[in-house]
Amino acid sequence: MGTFTTTTRDVPLTVSRLDSPSEPLHAVVVLQEAWGVNKHIESILERLAAAGYLAVAPHLYHRGAQTSFTDFPSAKDALMALDSTGIGHDVRAAVDYCRSEGADRVGSLGFCMGGTASLWCAAVPLVDSAVTYYGGGVAEARWDGIAAGTELAAQLQVPWLGHYGDLDPSIPPESVEQLRATASDLARVYRYADAGHAFNNDTSTSHYAPDSAALAWTRTMEFFTETL
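My aim in this report is to walk through the structure given alongside it, one point at a time. Only a predicted model underlies this, so the values are computations on that prediction, with no experimental measurement involved. (Residues numbered from 1 in each chain as written. Predicted model: local features only at pLDDT ≥ 70, side-chain atom pairs only at ≥ 80, totals over all residues. Heavy atoms only, no water.)

1. Some words on the state of the cysteines
- Inspection of every chain in the model, using the stated rule, returns 0 disulfides.
- Residue cysteine 98 stays outside any disulfide, its sulfur separated by 12 Å from that of cysteine 121, the closest cysteine.
- For cysteine 98, a relative accessible area of 0% puts it in the buried group.
- We classify cysteine 121 as buried; its relative accessible area is 0%. (Disulfide = S-S within 2.5 Å. Buried < 20%, exposed > 50% of the residue type's maximum accessible area, 1.4 Å probe, protein only.)

See the structure below:
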């Protein structure tokens, strides 16, 4: 298995894949948290590759002077500078790379702000199926050209899976239930009673909820097996 960085359509991509896949290639575009393509995102790429997927993470902050951050106040300006045009270009570049490498079906998997983008990818659609971990902007739109999550969930064109923690103050359970209520039949929404925001991030001792993370990952892998 190898992990490396390449560029497609001026978009830096971090890629992880098996050296010699034994089956027809499927791919997953991994969409970053607010911090950028960091160790957590790289670990997700490696886990997907170990499961047999071509895993590709576009660097969504590549237009700015800084592409990764360690705290939210520093990352906020870069995050808020994103819009549908830039995100769409970067996701399409990642999908194009996957297709050029022989992938017949491509999904998306996003965390935090990347989770919001992944839901949008399912509504456009830019991918064949999509997964969101605790993506914000549920009740109100976050970026220009990307509607609120409740609207996007009603506009799904491909299967979508959402994971949300009940202890997440930025996405309270009532917002998740509103999302569930407006979502089309293509949606599956799970809540995790003992988890907060970023519960999958095993590099953060203050956020990581191992039991919820393990269950959500199992559901994610089953979902991609079914839909890709």
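2. Regarding the environment of alanine 50
- Within the secondary structure layout, alanine 50 lies in helix α1 (residues 39-50).
- Assessed through its relative accessible area of 55%, alanine 50 is described here as exposed.
- Remark: the alpha-carbon pair of alanine 50 and arginine 17, spanning 33 residues in sequence, is separated by 7.5 Å.
- Once residues lying within four places of it in the same chain are set aside, the contact partners of alanine 50 are Met1 and Leu18. (Helix = DSSP H or I, 4+ residues; strand = E, 2+ residues; numbered from the N terminus. Contact = heavy atoms within 4.5 Å.)

3. Focus: helix α2 (residues 72-80)
- Among all positions in α2, only Ala75, Ala78 and Leu79 are buried. On an axial view of α2, the arc spanned by its buried residues comes to 100 degrees, and they lie on one face. Away from its buried face by more than 90 degrees, α2 exposes Pro73 and Asp77.
- Contact partners of the buried residues in α2: α4 (113-123). (Arc of directions from axis to C-beta.)

4. Some points on the packing of aromatic side chains
- Evaluated as defined, the whole model comprises 9 aromatic pairs.
- The interplanar angle of 80 degrees and the centroid separation of 5.8 Å between the aromatic rings of tyrosine 133 and tyrosine 134 together place this pair among those described as edge-to-face. Each member of the pair tyrosine 133 and tyrosine 134 is classed as buried.
- The interplanar angle of 45 degrees and the centroid separation of 5.2 Å between the aromatic rings of tyrosine 192 and phenylalanine 199 together place this pair among those described as tilted. In terms of burial, tyrosine 192 and phenylalanine 199 fall into one category: buried.
- Ring-pair connections join several aromatic residues into one group, and the members of that group are Phe111, Tyr133, Tyr134, Tyr192 and Phe199.
- When the ring centre of tryptophan 143 is taken as reference, the NZ or CZ atom of arginine 142 above it lies at 5.7 Å.
- The aromatic ring of tyrosine 190 is capped on one face by arginine 219, whose charged end is 3.9 Å from the ring centroid. (Phe/Tyr/Trp six-rings, centres within 6.5 Å; stacked < 30°, edge-to-face > 60°. Lys NZ or Arg CZ within 6 Å of the ring centre and 35° of its normal.)

Such coordinate-based values are descriptive only and should not be taken to indicate function.
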